[in-house]
Amino acid sequence: MARQRSFDRDQALESAVQEFWRHGYEATSVASLTQAMGIRPPSLYAAFGDKRALFQEAVLRYRETHGAFSTRALAEEPTGREAVRRLLMETAAEYTDPAHPPGCLIISAAVNCGPESAEVEEWLRGFREAAKAALAARIDGPDAPALATFYASVIQGMSTQARDGATREELERVAELAMLAYPVSER
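Definitions and limits used
Residues numbered from 1 in each chain as written. Predicted model: local features only at pLDDT ≥ 70, side-chain atom pairs only at ≥ 80, totals over all residues. Heavy atoms only, no water. Helix = DSSP H or I, 4+ residues; strand = E, 2+ residues; numbered from the N terminus. Contact = heavy atoms within 4.5 Å. Areas by Shrake-Rupley, 256 points an atom, 1.4 Å probe, with all protein chains shown as cover. Lys, Arg positive; Asp, Glu negative; His and termini not counted. Charge placed at Lys NZ, Arg CZ, Asp CG, Glu CD. Expected span 1.5 Å × (residues − 1). Buried < 20%, exposed > 50% of the residue type's maximum accessible area, 1.4 Å probe, protein only. Polar contact = N/O pair within 3.5 Å; in protein donor to acceptor, adjacent residues only side chain to side chain. Phe/Tyr/Trp six-rings, centres within 6.5 Å; stacked < 30°, edge-to-face > 60°. Lys NZ or Arg CZ within 6 Å of the ring centre and 35° of its normal. Core = buried A, V, L, I, M, F, W, Y, C linked by side-chain atoms within 4.5 Å. Arc of directions from axis to C-beta.

Enquirer: Give me the lowdown on the overall build of the protein chain, citing residues and values where you can.
Expert: A tally of regular secondary structure across the protein chain gives ten helices and zero strands. Secondary structure elements in the protein chain, listed N-terminal to C-terminal, are α-α-α-α-α-α-α-α-α-α. Across its three principal directions, the C-alpha atoms of the protein chain cover 65 × 30 × 30 Å. For the protein chain, restricting intrachain contacts to residue pairs at least 6 apart in sequence, the fraction spanning at least 24 positions comes to 68%. Counting every atom, the protein chain has about 10,000 Å² of accessible surface; 51% of that belongs to carbon and sulfur. Side chains of the protein chain give 21 positive and 27 negative charges; the mean places of these two sets differ by 3 Å.

Structure below.
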């Protein structure tokens, strides 16, 4: 007879999100995960599979919760300019929110991975490329792909700056300056 789980799976998963967000994929050990999640290794493996499977589930949860602001910003604004501006301003707020680790899990989790984690890096790159494509889809004009790459670069830089201690106000100023690159035709 299987033993019943004695922990809150959603709460444990959120703790894993925080741990991966804080330390990245490779630097986060199973020992640190189980400590943060308040469970023992056999429970981690039984509930989530291995570390990579847990990481993938944690990233999906991050996208549905902490990272969902980006999809909403691009979908809910009437013009591309307003969507990009909202995205940048909400990025400044979200990446510096003291309620969780700074920056973006998807941007920073696989920055320093070795060859054994190439699949993890590639998987995260896919999310970043999809975000860049979503940006390009909201920007009118022939320079949309280049502008999308520019704004994706700004957002990735904002993540790094937030991890280095930049304030919300500093990142909002970066957002305002980045909006100067937006095409005049849509202003």
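That shown, we press on.
Enquirer: Can you explain helix 6 (residues 80-95)? Please cite residues and give values.
Expert: Spanning 16 residues, helix 6 covers 22 Å between terminal C-alpha atoms, matching the ideal 22 Å at 1.5 Å per step. Those residues of helix 6 that fall on the buried side of the exposure criterion are Gly80, Ala83, Val84, Arg86, Leu87, Leu88, Met89, Thr91, Ala92, Glu94 and Tyr95. In this fold, the buried residues of helix 6 make contact with helix 5 (68-76), helix 7 (105-108), helix 8 (118-138), helix 9 (144-163) and helix 10 (168-179).

Enquirer: So what about the side chain of His66? Which residues, and what values?
Expert: Counting through the fold element by element, His66 comes out in the loop between helix 4 (51-64) and helix 5. Given a relative accessible area of 17%, His66 falls into the buried group. Within the local environment of His66, its side chain forms a polar contact with the side chain of Glu14, the two groups lying 2.9 Å apart. In contact with His66, other than residues within four places in its own chain, are Glu14, Val17, Gln18, Trp21, Glu94 and His100.

Enquirer: Describe the packing of aromatic side chains, and please don't skip the residues or the numbers.
Expert: Evaluated as defined, the whole model comprises nine aromatic pairs. Ring geometry for Phe20 versus Phe55: centroids 4.9 Å apart, planes at 75°, classification edge-to-face. Of this pair, Phe20 sits in helix 1 (residues 9-23) while Phe55 sits in helix 4, placing them 35 residues apart in sequence. Accessibility assignment for this pair places Phe20 and Phe55 in one class, buried. Chaining the aromatic ring pairs together yields one cluster made of Phe20, Tyr25, Phe55, Trp123 and Phe127. The ring of Tyr25 has Lys51 sitting right over it, with the charged end atom 4.6 Å from the ring centre.

Enquirer: For the nonpolar core, give the residues involved together with the corresponding values.
Expert: In terms of nonpolar packing, the biggest core is built from 55 residues, with Leu88 and Tyr151 touching the most fellow members. At eight residues, the largest contribution of residues to this core is made by helix 9. Apart from the residues within four sequence positions on either side, Tyr151 is in contact with Val84, Leu88, Leu135, Ile139, Ala178, Met179, Ala181 and Tyr182.

Enquirer: Now, about helix 3 (residues 41-48): what can you tell me, with residues and values included?
Expert: Residues spaced three or four apart along an α-helix face the same direction, because each turn holds 3.6 residues. Listing the buried residues of helix 3 in full gives Leu44, Ala47 and Phe48. Projection of helix 3 onto a plane perpendicular to its axis shows the buried side chains occupying an angular sector of 80°, all on one side. Relative to its buried face, helix 3 has exposed residues pointing more than 90 degrees away, namely Pro42 and Ala46. Considering only its buried residues, helix 3 is in contact with helix 1, helix 2 (30-37) and helix 4. Just downstream of helix 3 lies Gly49, where phi reads positive at about 90°.

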